[in-house]
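Structural description and commentary
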Amino acid sequence: MDNVLTSCVNIEDRQKTNKSKIRCLDGIRVILALMIFLHHSGALVYPYQECIWSAFWSKGFSDATLPLMAFFFISGIVISINYKEKFAKLSFRSYFEFIAKRFLKIYLAYILSFIFCTLISYYQSKCDPLFWENNGNAILCGIFMLQTIYYPFWWIGNPAGWFIATLFVLYCFTPLIIFFTNKIFISKKRALIGLITVLLLSFGLYLFCALYFRTPDGTISDDLVMFFSRSPATRLLQFYIGILLGYYISYNKRTICKTTATILEVSALIVFGVFQFLNINVFKINAIFNESIDYFVVTLFLFIFCFDSGYVSAFFGLKPFRFLSSCSFEFYLFHFALTKIVFFDELMKHFEATNISILFVWLTWLVASFALAFLVHYVNEILYKKIVSKGIFASSI
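Each chain carries its own residue numbering, running from 1 in the written order of its sequence. Only residues with pLDDT of at least 70 get local features here, since the model is predicted, and only at 80 or more are side-chain atom pairs given and counted; chain-wide, interface and lining totals rely on the full set of residues. The side-chain values count all of the structure's non-hydrogen atoms but skip hydrogen atoms and water molecules.

Points about the overall build of the protein
Every helix listed is a DSSP run of H or I at least four residues long, and every strand listed is a run of E at least two residues long, numbered separately from the N terminus. Counting secondary structure elements, the protein contains 18 helices and two strands. Residue burial is assigned from relative accessible area. The probe radius is 1.4 Å, only protein chains are included, and a residue is buried under 20% of its type maximum, exposed over 50%, and partly exposed in between. Looking at the protein residue by residue over its 397 residues, the buried ones come to 51%. Taking as baseline every contact in the protein between residues at least 6 positions apart, the subset at least 24 positions apart corresponds to 84%. Surface exposure of the protein reaches about 19,100 Å², of which carbon and sulfur atoms provide 69%. Only heavy atoms matter for contacts: two residues are in contact if any of them lie within 4.5 Å across the pair. In short, Shrake-Rupley with a 1.4 Å probe defines the accessible areas, and a residue's cover is counted only from the protein chains shown.

As for the packing of aromatic side chains
Within 6.5 Å between ring centres, the rings of Phe, Tyr and Trp (the latter by its six-membered ring) count as paired, and their orientation is classed by plane angle as stacked under 30 degrees, edge-to-face over 60, tilted in between. Applying the stated rule across the entire model yields 36 aromatic pairs. Aromatic pair Phe 98 and Tyr 171: ring centres 6.2 Å apart, planes at 90 degrees, arrangement edge-to-face. Of the two residues, Phe 98 sits in helix α6 (residues 92-124) while Tyr 171 sits in helix α9 (residues 161-184), which places them 73 residues apart along the sequence. Aromatic side chains Phe 303 and Phe 307 sit 5.5 Å apart centroid to centroid with 75 degrees between the ring planes, which places their arrangement in the edge-to-face category. For the pair Phe 303 and Phe 307, one class covers both residues: buried. An aromatic cluster is defined as three or more aromatic residues linked by ring pairs; in this entry it consists of Phe 272, Phe 301, Phe 305, Phe 315, Phe 316 and Phe 321.

A word on the pattern of salt bridges
Should the charged atoms of two oppositely charged side chains come close, the side chains can pair. Criterion for a salt bridge: a side-chain nitrogen of Lys or Arg within 4 Å of a carboxyl oxygen of Asp or Glu. In the structure shown here, the tally under the stated rule is four salt bridges. Linking Arg 93 and Glu 97 is a salt bridge whose minimum nitrogen-to-oxygen distance equals 3.1 Å. Remark: Glu 97 and Arg 93 occur in helix α6; sequence separation between them is four residues, near one turn of the helix. Among the residues examined, Arg 93 registers a relative accessible area of 44% and is labelled partly exposed.

What about the environment of Phe 321?
Position of Phe 321 relative to the elements: it lies in helix α16 (residues 319-326). Looking at Phe 321, the relative accessible area reads 13%, which means it is buried. Put simply, Phe 321 and Arg 29 are 292 residues apart on the chain and 8.6 Å apart in space, counted from C-alpha to C-alpha. Setting aside residues no more than four positions away along its own chain, Phe 321 makes contact with Asp 26, Gly 27, Val 30, Ile 31, Phe 315 and Phe 316.

So, the packing of helix α2 (residues 24-40) against helix α5 (residues 65-83)
Only the stretch in contact is used when a helix axis is fitted, and all axes are lines through C-alpha atoms; the angle between N-to-C directions ranges over 0 to 180 degrees. Taken N-terminus to C-terminus, the directions of α2 and α5 make an angle of 155 degrees; their axes are 9 Å apart at the nearest point. Our classification of the angle between α2 and α5 gives roughly antiparallel. Here α2 and α5 pass one another in a crossing that is left-handed. Along its contact with α2, which presents Leu 25, Ile 28, Arg 29, Leu 32, Ala 33, Met 35 and Ile 36, the element α5 presents Pro 67, Leu 68, Ala 70, Phe 71, Ile 74, Ile 77 and Val 78. Three classes are used, and their members are as follows: Ala, Val, Leu, Ile, Met, Phe, Trp, Tyr, Cys and Pro are nonpolar, Asp, Glu, Lys and Arg are charged, and the others, Gly among them, are polar. In terms of residue class, the contact of α2 with α5 is built from 13 nonpolar, no polar and one charged. For classification purposes, an angle smaller than 35 degrees is called roughly parallel, one larger than 145 roughly antiparallel, one from 65 to 115 roughly perpendicular, and anything else oblique. Should the near helix be turned counterclockwise from the far one by less than a right angle, the crossing is left-handed, whereas a clockwise turn marks it as right-handed.

Quick word on the environment of Asp 308
Of note, Asp 308 is situated in the loop between α14 (287-305) and α15 (311-316). On the basis of relative accessibility, which here comes to 14%, the residue Asp 308 falls in the buried class. Measuring from C-alpha to C-alpha, the distance between Asp 308 and Cys 24 comes to 6.3 Å, with 284 residues separating the pair along the chain. Residues contacting Asp 308, with those up to four places away along its chain left out, are Lys 21, Ile 22, Arg 23, Cys 24 and Ser 313. Two N or O atoms form a polar contact when they lie within 3.5 Å of each other; inside protein one atom must be a possible hydrogen donor and the other a possible acceptor, and for residues adjacent in sequence the pair counts only when both atoms belong to side chains. Here the side chain of Asp 308 touches Arg 23 through a polar contact of 3.0 Å, landing on its backbone nitrogen.

A word on the packing of α5 against α9
Following both chains from N to C, one finds α5 and α9 inclined at 35 degrees, their axes separated by 11 Å at the closest point. Between α5 and α9 lies a crossing of right-handed hand. Residues Leu 68, Phe 71, Phe 72, Ser 75, Ile 79, Ser 80 and Tyr 83 of α5 lie in contact with α9, whose contacting residues are Trp 162, Phe 163, Thr 166, Leu 167, Leu 170, Tyr 171, Thr 174 and Ile 178. Residues belonging to the contact of α5 with α9 are distributed by class as follows: eleven nonpolar, four polar and no charged.

Some words on the nonpolar core
Counting 108 residues, the largest nonpolar core has Ile 28, Phe 163 and Leu 302 as its most contacted members. When near neighbours in sequence (up to four residues on either side) are disregarded, Phe 163 contacts Leu 68, Phe 71, Phe 72 and Tyr 332. The nonpolar core is taken to be a set of buried Ala, Val, Leu, Ile, Met, Phe, Trp, Tyr and Cys residues, with the residues joined through side-chain atoms within 4.5 Å.

Some thoughts on a nonpolar patch on the surface
Residues forming no salt bridge and having over 30% relative accessible area are the ones grouped into patches, like charges within 9 Å of each other and nonpolar side chains (Val, Leu, Ile, Met, Phe, Trp, Tyr) within 5 Å. Taken together, the side chains of Leu 375, Tyr 378, Val 379, Ile 382, Leu 383 and Ile 387 present a nonpolar region at the surface, about 510 Å² in accessible area. With respect to the helices, strands and loops of the structure, Tyr 378 is situated in helix α18 (residues 355-388). In this structure Tyr 378 comes out as exposed when scored by relative accessible area, which is 51%.

What about unusual backbone geometry?
Unusually for a residue other than glycine, Cys 127 sits at a positive phi of about 55 degrees. Phi angles above zero are rare outside glycine, and Asp 308 is one such case at about 55 degrees.

Points about helix α8 (residues 136-143)
Within α8, the full set of buried residues consists of Ala 138, Ile 139, Cys 141 and Gly 142. Taken down its axis, α8 places every buried residue within 160 degrees of arc, on the same side. Check the buried side of α8 and you find it contacts α6 and α7 (131-134). Met 145 sits one or two residues past α8 and shows a positive phi near 55 degrees. In this description, the arc belongs to the directions extending from the helix axis to the C-beta atoms.

Side note on the side chain of Glu 381
Position of Glu 381 relative to the elements: it lies in helix α18. Of the residues examined, Glu 381 reaches a relative accessible area of 18% and is grouped as buried. For Glu 381, the side chain forms a polar contact with the side chain of Lys 105, separated by 2.6 Å.

This is a description of form; function is not addressed.
Here it is in structure tokens:
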């Protein structure tokens, strides 16, 4: 694989791993966030089957497996590049600082969105005095980010909470994962072998579940699908594949020439888009098997772009993408918060359902989500910097 991708190469010395940055990941994050936004737009357009947007959504964005999976892969890549050397030696202090800082980084924005969503739900219940009593357990679950354990409560508060809760679970294991990975995967060759091995093992696990647990009609139970789509265990697997991919890239000293890289990047985009639009109907087995194929699609896609050498990756690394990427986390949280207003207040009842009016509501929702995300990101950064600049957090991790 290495020989094929580097047949047309310029041998260049890269910066040290802990100082390198894969610029194109900013743009890819923004594209993935928009894909998930389009997926959640289904509740806006689905009731209007006659409009062109409903057909567009049902063909390409009724499923968000690929972009969500890619987010966890990218998280692993970024973590491995930033912390590979910092966790070469592990101490209780460094472990605690990492987890505490990660918690603050995600929780400040999360709890603001959670409060916002909960108050909207309370208002939509017509200020029912029993609202707090009926939803008390769900609200506590949301406050402590336990949505990955208590699935029935995932819709109360911010529905995006399961993603944030899962991300924090991964962060809790990150220092240990990086520490032991440093001991095993000490070269590019080992990292590549490890990446291929984990991919094949994950494919075997998914294939076994797809065949062994399928019903007589060939489908998979909703509980098993929920486990594979929500479980921290499967997301940890995706996260670790991203870490191994990051290790391989960090050890690699070669860059692909621009022309070859651009051809590969365009091809990767096409393959990614084809699998997204083919959705869960790629293979006629079931959703679990198709998700195992998605592992290879996402890995190949990010493997090519992580060389960061072509014109497409240069485009994804432009300042507008970097700006939007900086608040993509808050965008993910607050676009869901605004979903409650757009959908549950039945905003479309105030418009005649035409292609133009639906597009207008969609664009307003998109712009408002990014505006609110930027505001929260700005406040979050100020609060975060003030907290970590004091006491035990003053040292750098």
